[in-house]
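Per-entry structural report
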Amino acid sequence: LASVSQISFDWNNSLTSVDLSGLVSAGSLSFHSESDWYWDEEAGEEYQMGGLSSLSLDSLESVSDQFTLYYTSLSELSLPSLATVNQLELRYDSSITGISLPSVTDMNHLEIHYNSSLESLELPGLSSLSGFYVYDNESLSAIDVDSLECVDDYEVSGNGLDEIAYYDLLLQLTCQSE
């Protein structure tokens with residue numbers, strides 16, 4: 001399976017692993033699952049069971065439309081070969097701690113929000129982006145978009161960035177006329 005127009009795994013709570021390591025290009029990819037939350041009386045905390053916890057897309061190079069992940073149990077998202085994606089959205093993925101997209105250079109729209117455990121977002125090669133919406137990821141303390149300059153529209157708030165990193169990111173995203 002090298003190319004598909006659409007793959008959608010929506011609200012399949014029993015699906016824990018997807019291996020599409022041979023997939024090179026897709027029109028759209030959608031992974032939405034709702035894991036169950038349980039209260040551990042002894043520990044005094046909630047824990048999550050079920051939902052998508054393993055996703056292999058090692059050969060994926062391009063997504064011409066949307067790539068969405070909602071309510072998964074993934075601990076990290078690493079797409080080493082992905083170079084272009086029109087729109088990437090990650091929401092309510094409470095277990096994810098890191099997103100690494102080292103080869104992405106071109107993207108139109110990025111939305112990452114309500115991912116409570118997310119600590120790092122790495123898009124070091126991203127040079128073209130119209131919309132950057134990264135908010136309400138309270139543990140997010142590192143955002144690497146070093147190649148990105150001047151984004152048409154953005155929202156960055158409610159993340160765990162310190163004041164200096166937040167200010168530097170805003171300067172980087174802001175279009176300044178010469």
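I will try to describe carefully the structure that is included in this document.

What follows concerns the packing of aromatic side chains. Evaluated as defined, the whole model comprises 5 aromatic pairs. Seen in terms of ring centroids, tyrosine 71 and tyrosine 92 are 5.0 Å apart; in terms of plane orientation they differ by 5 degrees. Their pairing is stacked. On the criterion of sequence distance, the pair formed by tyrosine 71 in the loop between strand S7 (62-70) and strand S8 (76-78) and tyrosine 92 in the loop between strand S9 (84-91) and strand S10 (98-100) is long-range, its members being 21 residues apart. With relative accessibility at 26%, the residue tyrosine 71 sits in the partly exposed group. Judged by its relative accessible area of 37%, tyrosine 92 is partly exposed. Aromatic side chains tyrosine 114 and tyrosine 135 sit 5.9 Å apart centroid to centroid with 85 degrees between the ring planes, which places their arrangement in the edge-to-face category. You can see tyrosine 114 sitting in the loop between strand S11 (106-113) and strand S12 (120-122) and its partner tyrosine 135 sitting in strand S13 (residues 131-135), a full 21 residues away along the chain. Residue class for tyrosine 114 comes out partly exposed when judged on its relative accessible area of 35%. With relative accessibility at 15%, the residue tyrosine 135 sits in the buried group. Through a chain of ring-to-ring contacts, three or more aromatic side chains come together here, namely Tyr71, Tyr92, Tyr114 and Tyr135.

The next subject is the pairing of S11. With 6 of 8 residues buried, S11 is to be regarded as a mostly interior element. With 7 bridges connecting them, S9 and S11 associate as parallel partners. Paired with arginine 91 across the two strands is histidine 113, which belongs to S11. Of the pairings in the sheet, the one linking S11 to S13 comprises 5 bridges and is parallel in character. By the bridge assignment for S13, glutamate 111 is matched with tyrosine 133.

Its identity is not glycine, yet tyrosine 71 carries a phi of approximately 55 degrees, on the positive side. One non-glycine residue, tyrosine 114, lies in the positive phi region at around 60 degrees.

With respect to topology, 4 strands assemble into an open sheet ordered S8-S10-S12-S14, the strand pairing being parallel. Across the chains shown, the open sheet's two edge strands, defined by having one partner strand only, are S8 and strand S14 (142-144). Averaged over all neighbouring strand pairs, the angle between strand axes comes to 5 degrees, with direction disregarded. In terms of strand pairing, S12 meets S14 through 3 bridges, oriented parallel. If you follow glutamate 122 over to S14, its bridge partner there is aspartate 144.

Moving on, we get to the side chain of serine 30. Mapped onto the elements of the fold, serine 30 is located in strand S3 (residues 25-32). Those residues in contact with serine 30 that sit more than four places away from it in its chain are Ile7, Ser8, Phe9, Asp10 and Thr68.

What counts, and at which threshold
Residues numbered from 1 in each chain as written. Predicted model: local features only at pLDDT ≥ 70, side-chain atom pairs only at ≥ 80, totals over all residues. Heavy atoms only, no water. Phe/Tyr/Trp six-rings, centres within 6.5 Å; stacked < 30°, edge-to-face > 60°. Helix = DSSP H or I, 4+ residues; strand = E, 2+ residues; numbered from the N terminus. Buried < 20%, exposed > 50% of the residue type's maximum accessible area, 1.4 Å probe, protein only. Pairing = 2+ DSSP bridges. Axes fitted to C-alpha atoms, helices over the stretch in contact; angles between N-to-C directions. Contact = heavy atoms within 4.5 Å.

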